[in-house]
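# Structural characterization, general
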Amino acid sequence: FPSHDIQTYILRDDRTGKKLVQLLNDATLRGVKISLVLDAYGSKEFRNTDTEKSLHPSIYYRYFSSLFRKRTLYLGRRLHQKLYMVDEEAWLGGMNMSDDYSGMDGGTPWLDFMYKIPPTLLPQARQQVIEILGRRKAKKMGIKSGPVSANPHAALLRNDWKRRRFEITRTYREMMREAKQDLLICGGYFLPGRKTMQALEEAAQRGVKVKIITGQKSDVPMVNRASSYMARSLKKRGAEIYVWPHSVVHGKWVLQDHTNLCLGSHNLNVLSDYGS
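The present account deals with the structure reproduced in this document. (Residues numbered from 1 in each chain as written. Predicted model: local features only at pLDDT ≥ 70, side-chain atom pairs only at ≥ 80, totals over all residues. Heavy atoms only, no water.)

### Some points on the overall build of the protein chain
- If you tally the helices and strands in the protein chain, you get nine helices and 15 strands.
- Relative to the compact-globule value of 19 Å for 276 residues, the protein chain shows a C-alpha radius of gyration of 19 Å, a close match.
- Each of the three principal axes of the protein chain carries a C-alpha extent, and together these read 60 × 40 × 40 Å.
- The buried share of the protein chain, reckoned over its 276 residues, is 50%.
- Partitioning the intrachain contacts of the protein chain with sequence separation of at least 6 by distance along the chain shows that 74% fall at a separation of at least 24.
- With the model as given, the accessible surface of the protein chain reaches about 14,600 Å², and the carbon-plus-sulfur share is 54%.
- Charged side chains of the protein chain number 45 positive and 27 negative; the gap between the two group centres comes to 6 Å. (Helix = DSSP H or I, 4+ residues; strand = E, 2+ residues; numbered from the N terminus. Rg over C-alpha atoms; globule rule 2.2 N^0.38 Å. Buried < 20%, exposed > 50% of the residue type's maximum accessible area, 1.4 Å probe, protein only. Contact = heavy atoms within 4.5 Å. Areas by Shrake-Rupley, 256 points an atom, 1.4 Å probe, with all protein chains shown as cover. Lys, Arg positive; Asp, Glu negative; His and termini not counted. Charge placed at Lys NZ, Arg CZ, Asp CG, Glu CD.)

As structure tokens, then:
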């Protein structure tokens, strides 16, 4: 049976958000089963809007990790991933659902990337959907996990401090430590922690060409200034800094020796390491 499963950090009540809701509502009329999980903090502007209220009653949607616990603001475990599954296809990367990424408001879209998951990784992606939805709800919607086969060329990695999984962080550091020729890094929120920064510095010192793509513009000016400071620190050790001038840099990936690529929604900062 056809299904759409969306898990994302931000869904906004703008042209893109309204268009997405319209498309989802249209899909339900074709018999498509839909689940929509939004982060409670990232998508707080979507809550209680007319667009949210217009979601078809058959669409299952909820907010991940409430903002308040015992009347106290809670910014802990956040659903930062962007995972979109449509029937037997799936994409992941850095793009949220808003005009910032689509350019539907007439502005220049942010620089970002999505990766179409190969078929061999679909069972892992489906398992991720089930974990966030909950097994009972996933079973009710007909979402089943299948056998996970090994793929020598690709893997689906995940950080989740609640389950003590830090696969993305460890993989990034391994790529930096094992690099022999090049490290090409794209990231707008470049605030690496001590161990990651040390791995980058050591790579530069042993002759690896470290190149960092960052943005001239930012949606968080203070973070942009801090990122520039960290990048300049690496530049003193021989790293090359490239500045994208056209829009906000939101893409997140590391390319090692023109061979190994790690791409997703993980920023090189402590919040992505231990919070999202």
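### Description of the sheet that holds strand 3 (residues 60–64)
- Within the open sheet, the six strands sit side by side as 3-2-1-6-7-8. Their pairing is mixed. Of all strands in the sheet, those bounded by a partner on one side alone are strand 3 and strand 8 (114–116). Across the sheet, the mean angle from the axis of one strand to that of its neighbour is 10 degrees, orientation sign disregarded. (Pairing = 2+ DSSP bridges. Axes fitted to C-alpha atoms, helices over the stretch in contact; angles between N-to-C directions.)

### Observations concerning empty space enclosed by the protein
- Counting across every chain of the model gives two cavities of 30 Å³ or more.
- Size it by volume and the largest cavity reaches roughly 50 Å³.
- For the lining of the largest cavity, the secondary-structure elements that each account for two or more residues are strand 11 (182–186) and strand 14 (253–256).
- A class-by-class count of the residues in the lining of the largest cavity yields seven nonpolar, four polar and one charged. (1 Å grid on protein atoms, 1.4 Å probe; cavity = no way out; pocket = protein on both sides within 12 Å on 5 of 7 lines; lining within 4 Å. Points joined across faces, edges and corners; volume = space filled by probe spheres on them. Nonpolar A, V, L, I, M, F, W, Y, C, P; charged D, E, K, R; others polar.)

### A look at helix 1 (residues 15–29)
- For helix 1, which comprises 15 residues, the first-to-last C-alpha distance of 22 Å matches the rise-based estimate of 21 Å (1.5 Å per residue) to within 8%.
- The complete set of buried residues in helix 1 reads Thr16, Gly17, Leu20, Val21, Leu24, Asn25, Ala27 and Thr28.
- With a side-chain oxygen lying 3.2 Å from the backbone nitrogen of Thr16, the N-terminal cap of helix 1 falls on Asp14.
- In the stretch just after helix 1, Gly31 is the one whose phi turns positive, near 90 degrees. (Expected span 1.5 Å × (residues − 1). Polar contact = N/O pair within 3.5 Å; in protein donor to acceptor, adjacent residues only side chain to side chain.)

### Points about the packing of helix 6 (residues 167–178) against helix 7 (residues 194–205)
- Following both chains from N to C, one finds helix 6 and helix 7 inclined at 20 degrees, their axes separated by 8 Å at the closest point. Considered as vectors, helix 6 and helix 7 are oriented roughly parallel to each other. The handedness of the crossing between helix 6 and helix 7 comes out as left-handed. Here Arg173, Met176 and Arg177 of helix 6 come into contact with helix 7, specifically with Lys195, Thr196, Ala199, Leu200 and Ala203.
- Considering only residue class, the contact of helix 6 with helix 7 consists of four nonpolar, one polar and three charged. (Parallel < 35°, antiparallel > 145°, perpendicular 65-115°, else oblique. Left-handed = near helix turned anticlockwise from the far one by under 90°.)

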